[in-house]
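Residue-level structural notes
Now for the letters of each chain:
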Amino acid sequence: EYIAGQLYKNEIFTNNGEKGKWHMEHARPFVLRWLEWRFKFGFCEWLSNNYYHEDLLSVSLLAVLAEDEEIRTKAKMVMDLIFFDMALNSYKGNFGSSHGRTYCQNITNTRDGSFVLRGVFLGIGDEELTLSPAAVQLAIDGYKVANPIFSCAQDPRTYENRQVMSMNVEEGSALGVDPLDFDNITYFWGLGSNNHRLVVDNTLSVKANPGYYLIERAKSIKEHYDLCEAADIPYDADGDYTSRPKADLYTYKTKDYMLSCVQDHKKGKYGFQQHVWQATLGGKAVIFSNHPATDDYRGRPNKWAGNRIMPKTVQHKNVAISMYNTNVAMVPTYTYHTHAYIPQEFLDEVIEKDGWIFCRRDEGYAAIRPVSGYTEWVKPDVNYNTYMGLKKHDENGNPIVVKDYEYLATGRSNIWVCEMGSEDENGSFNNFVKGFESATFKGDIFDFTYESPSLGKLNTGWSKQLIVSGTEIRTDYQMRYDNPWCRCKRAELYMEIADEGSSLVLDFKNSSRK
């Protein structure tokens, strides 16, 4: 609305009979508020490897074309943070973190929706570039990523990154976005929390066309709340599977691998399009587990993208533990199993021993296994090549069959453990494998102990905090960013991103970007 009004200041817009200048004035406070929300809280579809391109495309429209200097400056601040997110959470060009929204081909293929932006502006990745409207728009404007963000993307050091995106509706008031204030309703709609107990009344106060499905859905959920309260029956105040509340994000990155997850997020609830954890060894060598919702590749959730039922996943440094506790009343019989994506096609070496699958790509190592259940490699699916962006036929027209990549474990309840290593940390790959002879497991999803070759004793459970070698590891964070380049609390309007030789100072309140 703002840009359209700017382009046609003196033209009458037929939707309401007002001139473009009126629309600029009308849109301006909404634009600035949206930019402030993104600066303070990020995107509820966190670290989305396909939608960060869409976000940059729209924000760069303001940064490049807006006549208003305040809008231009604040839009560039939001762009800075999107690039910072990708710099922090990418490994050798692969945006290999947890994602709040993604699809199969974007998880398993480095040519996701934002790979061109990372290649052009962060200098990472070796894929052949294609057309990227956001990259074209930024190049025309002469936008350059600030030095500390660029150096972050290139830095080979080992580091931990903790960051928070989005919020729980219940904490909105304390963070300055009161869910009971109708003026904030679009923030919570953006979270998919239209029908949260604290939001649903405002949702139902909006005038909509008769029979509009979202309003009818809100009416039904409100009736459910009222009936439960009348009967004094406990209920989930945020039961909508599309909601995207607070995400506590953790990434551990070395020069040889990266491991990332969203900590303890919506466990036991229906999933949607969240990618919970991933190990990245470079290129298409990515490893993760999930609870498949279907046997196809298109739905949300489906075979590889998302989860039918969300696990509890926790991570500390190079070890991730993902616990699946599938309520049999919530799923069809088909999904009484979990599986892992282990693409042997893109790994240099794979060894199976004592229930573990050991993987090597260059100097990076990964070990993964389920704790229980019958396991097997599943015959490759003919549709896999299409979704991987691979050739389906050779030069003679014969179908190309890839190596095994799907490792299945039976059982509605299971625990997957993934531990990373490298030549620097463990010596040879055989030494890494040998180290797991002492690895042991004890307990179940409610109280589970893993003796790790590298970290010692890890203990956690469905309702238990993670304890590593006797020290409790917090998995609920209060920092917007907490890493070697930036430490900034949530909801702050000022942050500095810096390395040893340069800094980027973002003062949103005073519209200053230096």
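My aim in this report is to walk through the structure given alongside it, one point at a time.

**Some points on the packing of aromatic side chains**
Two measures describe an aromatic ring pair: the distance that separates the ring centres and the angle between the ring planes. Evaluation of the coordinates by the stated rule reveals 37 aromatic pairs. Aromatic side chains Trp356 and Tyr450 sit 6.2 Å apart centroid to centroid with 45° between the ring planes, which places their arrangement in the tilted category. Residue Trp356 is located in strand β12 (residues 356-361), and its partner Tyr450 is located in strand β18 (residues 447-452); the two are separated by 94 residues in the primary sequence. Each member of the pair, Trp356 as well as Tyr450, carries the same accessibility label: buried. Counting every residue linked through ring pairs, the aromatic cluster contains Trp356, Phe358, Tyr365, Phe429, Phe432, Phe436, Phe441, Phe448 and Tyr450. Of note, Arg38 hangs over the ring of Phe43, and the distance from its end group to the ring centre comes to 5.6 Å. Above the plane of the ring of Trp356 lies Arg369, whose end atom (NZ or CZ) is 5.8 Å from the centre.

**A look at the side chain of Lys266**
Here Lys266 shows up in the loop between β5 (258-262) and β6 (277-280). For Lys266, the side chain forms a polar contact with the main-chain oxygen of Ser243, separated by 2.9 Å. If near-sequence neighbours (up to four positions away) are discounted, Lys266 is found in contact with Asp240, Tyr241, Ser243, Pro245, Gln274 and Met310.

**Description of the pattern of salt bridges**
Taken as a whole and assessed by the stated rule, the structure comprises 37 salt bridges. Across the salt bridge formed by Asp362 and Lys92, the nearest N and O atoms sit 3.8 Å from each other. Placement of the pair is Asp362 in the loop between β12 and β13 (364-370) and Lys92 in the loop between α4 (69-88) and α5 (104-108), with a sequence separation of 270 residues. Each of Arg197, Asp201, Lys222, Asp226 and Glu229 takes part in salt bridges that share partners, so that together they form one network.

**A few points about the packing of α4 against helix α8 (residues 147-154)**
Viewed as axis vectors pointing N to C, α4 and α8 meet at an angle of 20°, and their least axial separation amounts to 8 Å. The orientation of α4 relative to α8 falls into the category roughly parallel. Helix-helix and strand crossings are classified by hand; for α4 and α8 the assignment is left-handed. Each of Asp80, Phe83, Phe84, Ala87 and Leu88 in α4 lies in contact with α8, whose residues at this interface are Ile149, Cys152 and Ala153. Looking at the contact of α4 with α8, its residues break down into seven nonpolar, no polar and one charged.

**Some points on the sheet that holds strand β26 (residues 512-513)**
The three strands are arranged β24-β25-β26 in an open sheet whose pairing can be described as antiparallel. Bordering the open sheet on either side are β24 (494-498) and β26, each of which pairs with just one other strand. Here five bridges tie β24 to strand β25 (residues 503-507), and the two strands are oriented antiparallel to one another. The residue bridging Glu496 from the neighbouring strand is Val505, located in β25.

**Regarding helix α11 (residues 213-230)**
Relative to the 26 Å expected for 18 residues at 1.5 Å per residue, α11 spans 26 Å between its end C-alpha atoms, a close match to the ideal helical length. For α11, every residue scored as buried is listed here: Ile215, Ala218, Lys222, Tyr225 and Cys228. What you see down the axis of α11 is that its buried residues fit within an arc of 145°, all on one side. Of the exposed residues in α11, the ones pointing more than 90 degrees away from its buried face are Tyr213, Glu223, Leu227 and Ala230. Of the surrounding elements, those touching the buried residues of α11 are α10 (200-204). Looking one or two residues past α11, Asp232 carries a phi angle of roughly 55°, positive in sign.

**Quick word on the sheet that holds strand β21 (residues 471-473)**
Overall, antiparallel pairing links the five strands, which are arranged β17-β18-β19-β20-β21 in an open sheet. The open sheet has two edge strands with one neighbour each: β17 (440-444) and β21. Between one strand axis and the next, the sheet turns through 20° on average, direction left out of account. Examined bridge by bridge, strand β19 (residues 456-461) and strand β20 (residues 464-468) share three bridges and lie antiparallel to one another. Of the residues in β20, the one forming a bridge with Gly461 is Lys464.

**A word on the environment of Asp85**
Along the polypeptide, Asp85 turns up in helix α4. The class of Asp85 is buried, set by a relative accessible area of 2%. Note: C-alpha distance between Asp85 and Ala153 (68 residues apart in sequence) is 9.6 Å. Those residues in contact with Asp85 that lie beyond four places of it in its chain are Leu47, Tyr52, Phe95, Gln163, Met165 and Tyr481. A polar contact is formed between the side chain of Asp85 and the side chain of Tyr481, at a distance of 2.8 Å.

**Quick look at the pairing of β25**
Within a regular strand, side chains alternate between the sheet's two faces. Across the five residues of β25, four count as buried, placing the element largely inside the fold. Remark: four residues form the turn of the hairpin made by β24 and β25, two consecutive strands paired antiparallel. As judged from the two bridges shared by β25 and β26, these two strands associate in the antiparallel manner. Bridge pairing in β26 places Asp507 opposite Ser512. Taking the residues between adjacent antiparallel strands as the criterion, β25 and β26 are bridged by four residues, where Ser511 takes a positive phi near 50°.

**Observations concerning unusual backbone geometry**
Among all residues save glycine, negative phi is the norm, and among peptide bonds the norm is trans. Look at the link from Arg300 to Pro301: it is a cis peptide, with omega at -5°. Residue position: Pro301 is located in the loop between β7 (286-290) and β8 (312-316). Positive phi, close to 45°, is recorded for Asp264, a residue that is not glycine. For Asp264, the location among the structural elements is in the loop between β5 and β6. On the basis of relative accessibility, which here comes to 28%, the residue Asp264 falls in the partly exposed class. At Lys317, a position not held by glycine, the phi torsion is positive, near 50°. Secondary-structure assignment places Lys317 in the loop between β8 and β9 (319-325).

Reading guide: rules and limits
- Residues numbered from 1 in each chain as written.
- Predicted model: local features only at pLDDT ≥ 70, side-chain atom pairs only at ≥ 80, totals over all residues.
- Heavy atoms only, no water.
- Phe/Tyr/Trp six-rings, centres within 6.5 Å; stacked < 30°, edge-to-face > 60°.
- Helix = DSSP H or I, 4+ residues; strand = E, 2+ residues; numbered from the N terminus.
- Buried < 20%, exposed > 50% of the residue type's maximum accessible area, 1.4 Å probe, protein only.
- Lys NZ or Arg CZ within 6 Å of the ring centre and 35° of its normal.
- Polar contact = N/O pair within 3.5 Å; in protein donor to acceptor, adjacent residues only side chain to side chain.
- Contact = heavy atoms within 4.5 Å.
- Salt bridge = Lys/Arg side-chain N within 4 Å of Asp/Glu carboxyl O.
- Axes fitted to C-alpha atoms, helices over the stretch in contact; angles between N-to-C directions.
- Parallel < 35°, antiparallel > 145°, perpendicular 65-115°, else oblique.
- Left-handed = near helix turned anticlockwise from the far one by under 90°.
- Nonpolar A, V, L, I, M, F, W, Y, C, P; charged D, E, K, R; others polar.
- Pairing = 2+ DSSP bridges.
- Expected span 1.5 Å × (residues − 1).
- Arc of directions from axis to C-beta.

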